[in-house]
Amino acid sequence: MTHQLIDNTEAKRYEFHIDGLVPKIEYIKTKDKIYLTHTEVPQALEGKGIGTALVRQVLEDVEEKELTLVPMCPFVAMYIKRHPKWKSLVLKGINIA
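Cut-offs and rules
- Residues numbered from 1 in each chain as written.
- Predicted model: local features only at pLDDT ≥ 70, side-chain atom pairs only at ≥ 80, totals over all residues.
- Heavy atoms only, no water.
- Helix = DSSP H or I, 4+ residues; strand = E, 2+ residues; numbered from the N terminus.
- Rg over C-alpha atoms; globule rule 2.2 N^0.38 Å.
- Contact = heavy atoms within 4.5 Å.
- Lys, Arg positive; Asp, Glu negative; His and termini not counted.
- Charge placed at Lys NZ, Arg CZ, Asp CG, Glu CD.
- Axes fitted to C-alpha atoms, helices over the stretch in contact; angles between N-to-C directions.
- Parallel < 35°, antiparallel > 145°, perpendicular 65-115°, else oblique.
- Pairing = 2+ DSSP bridges.
- Phe/Tyr/Trp six-rings, centres within 6.5 Å; stacked < 30°, edge-to-face > 60°.
- Buried < 20%, exposed > 50% of the residue type's maximum accessible area, 1.4 Å probe, protein only.
- Right-handed = clockwise from strand over helix to strand, strands pointing away.
- Core = buried A, V, L, I, M, F, W, Y, C linked by side-chain atoms within 4.5 Å.

Section: the overall build of the chain
Then, number 1: Helices and strands together make up the secondary structure of the chain, namely two helices and five strands.
Then, number 2: Listing each helix as α and each strand as β along the chain from the N terminus yields β-β-β-β-α-β-α.
Then, number 3: Relative to the globule expectation of 13 Å for 97 residues, the C-alpha radius of gyration of the chain, 13 Å, shows essentially globular dimensions.
Then, number 4: When the backbone C-alpha atoms are referred to their principal axes, the chain occupies close to 40 × 30 × 20 Å.
Then, number 5: Contacts in the chain between residues far apart in sequence, at least 24 positions, make up 41% of those at least 6 positions apart.
Then, number 6: If you average the places of the 14 positive and of the 13 negative side-chain charges in the chain, the two averages end up 7 Å apart.

Encoded structure:
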């Protein structure tokens, strides 16, 4: 199942819109860096892989925009730990153990 990723710059978050619900990843963006600060999936959508799909699509967007990633959200950091190919996006000096 693929959902359309929305970069809601006004709200400073990436979103999916699913059945009236909005799973999201909040961010702070600077000129060349993006800090992913918080991931939230509505309870009705939990356990369906929505959070994982959201993180994956956000990381694809970060890569496409050539931003340096600072994963402050534990969910995002855990995703990167499980999928090491994304470590190349992470700011040098940040250890995802």
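Considerations on the packing of helix H1 (residues 50–64) against helix H2 (residues 74–82)
Then, number 1: In the contact formed by H1 and H2, the axes pass within 10 Å of each other and the chain directions differ by 75 degrees. It follows from the interaxial angle that H1 and H2 lie roughly perpendicular. Across the interface between the two elements, Gly 51, Thr 52, Val 55, Arg 56 and Leu 59 of H1 pack against Phe 75, Val 76, Tyr 79 and Ile 80 of H2.

Details of the sheet that holds strand E3 (residues 24–29)
Then, number 1: One open sheet holds the five strands; their spatial order is E1-E2-E3-E4-E5, and the pairing between them is mixed. Of all the strands in the sheet, the pair left with one neighbour each is strand E1 (6–8) and strand E5 (68–71). Taken over all neighbouring pairs, the strand axes of this sheet differ in orientation by 30 degrees on average, direction set aside.
Then, number 2: In this structure, strand E2 (residues 13–15) lies alongside E3, joined through three bridges in antiparallel fashion. Considered in E3, the bridge of Glu 15 is made with Lys 24.
Then, number 3: In this fold H2 packs onto E3, strand E4 (33–40) and E5, with an angle of close to 115 degrees to the strand it touches most, E5.

Observations concerning the packing of aromatic side chains
Then, number 1: One pass over the structure, following the stated rule, counts one aromatic pair.
Then, number 2: Between the aromatic rings of Tyr 14 and Tyr 27, the centroid separation amounts to 5.2 Å while the plane-to-plane angle is 55 degrees, which identifies the pairing as tilted. Taken as a pair, Tyr 14 in strand E2 and Tyr 27 in strand E3 lie far apart in primary sequence, 13 residues in all. This pair shows no difference in class: Tyr 14 is buried, exactly as Tyr 27 is.

Remarks on the pairing of E5
Then, number 1: In terms of strand pairing, E4 meets E5 through four bridges, oriented parallel. By the bridge assignment for E5, Lys 33 is matched with Thr 68.
Then, number 2: In this fold, the crossover linking E4 to E5 by way of H1 has right-handed handedness.

With respect to the nonpolar core
Then, number 1: Judged by nonpolar contacts, the single largest core of 26 residues is most densely connected at Ile 34, Leu 36, Leu 59, Val 62, Leu 69 and Ile 80.
Then, number 2: For this core, the secondary structure elements donating two or more residues are E3, E4, H1 and H2.
Then, number 3: In terms of residue count, H1 provides more of this core than any other element does, seven residues in total.
Then, number 4: Once residues within four sequence positions are removed from consideration, Val 62 is found in contact with Tyr 14, Ile 34, Leu 67, Leu 69 and Leu 89.

By themselves, these are just geometric observations and shouldn't be taken as functional.
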